[in-house]
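Summary of structural features
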Protein chains: 2
Amino acid sequence: MREVFHQSLEDVQGRLVEIAELVTVAIDKATRAFGTSDVALAEEVIEADAVIDEKAIALDELAIEILARQQPVARDLRIVVSALRMSASLERMGDIAEHIAQLTRMRFPERAIPKGLKSTFLKMGELDVEVARQLAELLRTQDGELIDQIRNSDDRLDELHVSVFEKVLSDTWQGEAAATVDATLASRYHERFGDHAVSVAKKVAYLSTGDWTTSTDTIDVVTPSA
Amino acid sequence: MREVFHQSLEDVQGRLVEIAELVTVAIDKATRAFGTSDVALAEEVIEADAVIDEKAIALDELAIEILARQQPVARDLRIVVSALRMSASLERMGDIAEHIAQLTRMRFPERAIPKGLKSTFLKMGELDVEVARQLAELLRTQDGELIDQIRNSDDRLDELHVSVFEKVLSDTWQGEAAATVDATLASRYHERFGDHAVSVAKKVAYLSTGDWTTSTDTIDVVTPSA
């Protein structure tokens, strides 16, 4: 029974890694499409999100089947429950990649990146891709150093998120309302992407430390300062 | 054992209702504070969010204990797993109420509601409160009619969300960048609040119908049209 359980867990882990890799592809394409106004690439991301959703549902079904058939307790039970939560966060990360792609499509043939914020959003995009890669690697290897790297990337995303609002609310901002809306939404999407990655990373940390309370999502939103 | 299980489920249900009621209070205060620039009321919401977070964690712990001790299968198992998911959505709804309160505090003593959008945001606030009340009632009574009411309220929230972007992107919009940022963020918060309520309502629907696939969260975001 233990052996069956461990095979099931390996299956769960493999599927989490697979979804994280699909999310990495999605955010890479979405942020490249956003940066270059590549509407065909944006469409690819929008279409591919259904695959991430399906794989998340299939993983949830597998987790529920493991709960029903193998009735794990203690740490084993928490691993399976954590997998359910990680799958929900990864699915949301896929949604966010899709939202960034939708912004790109909506503004086409105009550029979705507001003037004056190009380098900021390119950097945010790179950090999102980095965070997704680190997360897939963390899920594969359980290497705790990656948790700190993900937190660091998320901190830099938060700083850039604040800097977007500083720019938009400064006297030098020349953007029209559409540019202000795009900057606000896109920045929030990028920042939330990092939050979800940290949320998944914390669950991996929990599984090593057993400290459940640190794994809940009470991350403060970074809101614009006046 | 069945009787113990059903007592446990009643406990879970009671706690879901309690959290939904706290969320109702939070969104009611947050949207009133937002409408009247009442910073003291906003502070109350921000402080009280920790209580919602704690109660969500306690509910999750109870659900995991039920899984470990009573090892439910089939429909019973899905009820407990659904409770874990509903608790996560309710916790997010509390976070959103807090974000609306934070916007109010950040702009104080200025008004957080952008000029020209007062009636729209008052209506969105009323709909959010209505949706939260309907959700608490649904969790208490499992009355399926409430599911349709929640969907209807959410549809109206989505329409108002689109109308905010139409307003902000129209030629008549006179708001400065800060007003545009506030309108964008606040409108998105209100709209997401409704989405989470629908997500919880779908899980209640699933528990009546057994159709699990309809309960996943694949709600499209409503994004601004150019």
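One numbering rule holds for all chains: residues counted from 1, following each sequence as written. Labels follow written order: the first chain is A, the first ligand is 1, and so on. Side-chain atom pairs in this predicted model are given and counted only at pLDDT of 80 or more, local residue features only at pLDDT of at least 70, and totals for whole chains, interfaces and linings cover all residues. Processing note: side-chain calculations cover all non-hydrogen atoms of the structure and skip hydrogens and water entirely.

In the nomenclature of an unreviewed UniProt entry, chain A is known as Phosphate-specific transport system accessory protein PhoU of Microbacterium arthrosphaerae.

**Considerations on the packing of aromatic side chains**
Residues and elements named next belong to chain A. The following threshold applies: Working definition: a ring pair exists when centres of Phe, Tyr or Trp rings (six-membered ring for Trp) sit within 6.5 Å. Plane angles under 30 degrees give stacked, over 60 give edge-to-face, the rest tilted. By definition, any uninterrupted DSSP run of H or I lasting at least four residues is a helix, any uninterrupted run of E lasting at least two residues is a strand, and each is numbered from the N terminus. Think of it in three bands: residues with accessible area under 20% of the maximum for their type are buried, residues over 50% are exposed, and the middle band is partly exposed, with areas taken using a 1.4 Å probe on protein chains only.
Inspection of every chain in the model, using the stated rule, returns two aromatic pairs over all chains. Each ring, one from Phe 34 and one from Phe 121, has its centre 5.7 Å from the other, and the planes form 80°; the classification is edge-to-face. Placement of Phe 34 in helix α1 (residues 2-36) and of Phe 121 in helix α4 (residues 118-141) is noted, with a sequence separation of 87 residues between them. Note on Phe 121: relative accessible area 2%, which makes it buried.

**Remarks on the UniProt feature "domain: PhoU" (unreviewed entry) in chain A**
All names here are of chain A. We apply this condition: UniProt positions are given in the numbering used here, feature names are shortened, and annotations may be inferred rather than shown by experiment.
According to UniProt, the "domain: PhoU" (unreviewed entry) feature falls on residues 17-103 and 122-204. Within the segment residues 17-103, helix and strand shares are 94% and 0% respectively, and the terminal C-alpha atoms sit 27 Å apart. Helix and strand shares over residues 122-204 are 87% and 0% respectively, and the end C-alpha atoms of the span are 29 Å apart.

**Things to note about the packing of helix α2 (residues 39-70) of chain A against helix α3 (residues 74-107) of chain B**
Two measures define how a pair of helices packs: the angle their axes make with one another and the distance between the axes. The following threshold applies: Lines fitted to C-alpha atoms define the axes here, with helix axes fitted over just the stretch in contact, and angles between the N-to-C directions of these axes take values from 0 to 180 degrees. Just so you know how the angles are binned, under 35 degrees is roughly parallel, over 145 roughly antiparallel, 65 to 115 roughly perpendicular, and the rest oblique. The handedness criterion is simple: a crossing whose near helix is rotated anticlockwise from the far helix by less than a right angle is left-handed, and one whose near helix is rotated clockwise is right-handed. In this description, contact between two residues means that some pair of their heavy atoms is separated by no more than 4.5 Å. Under the convention adopted here, Pro, Cys and the residues Ala, Val, Leu, Ile, Met, Phe, Trp and Tyr are nonpolar, Asp, Glu, Lys and Arg are charged, and Gly plus all remaining residues are polar.
The contact between α2 of chain A and α3 of chain B brings their axes to 11 Å, and the two run at 130°. Taken together, α2 of chain A and α3 of chain B sit at an angle that is classed as oblique. Two packed elements cross with a definite hand, and for α2 of chain A against α3 of chain B that hand is right-handed. In contact with Asp 60, Glu 61, Ile 64, Leu 67 and Ala 68 of chain A of α2 of chain A, α3 of chain B contributes Leu 77, Arg 78, Val 81 and Arg 85 of chain B. Grouping the constituent residues of the contact of α2 of chain A with α3 of chain B by class yields five nonpolar, no polar and four charged.

**A closer look at the pattern of salt bridges**
Here is the rule: Between Lys or Arg on one side and Asp or Glu on the other, a salt bridge is scored when a side-chain nitrogen of the former is within 4 Å of a carboxyl oxygen of the latter.
The full count for this structure, using the stated rule, is 28 salt bridges over all chains. Its salt-bridge partner being Arg 78 of chain B, residue Glu 61 of chain A comes within 2.8 Å of it at the nearest N-O pair. Of this pair, Glu 61 of chain A sits in helix α2 while Arg 78 of chain B is found in helix α3, placing the two residues in two different chains. Judged by its relative accessible area of 25%, Glu 61 of chain A is partly exposed. Note that Asp 95 of chain B is salt-bridged to Arg 92 of chain B, the shortest N-O span being 3.1 Å. Here Asp 95 of chain B pairs with Arg 92 of chain B, and both are found in helix α3, just three residues apart, close to one helical turn. Arg 92 of chain B matches Asp 95 of chain B in its accessibility class, with the two residues each being buried. A single network of salt bridges, built from pairs that share partners, joins Glu 21, Glu 137 and Arg 140 of chain A.

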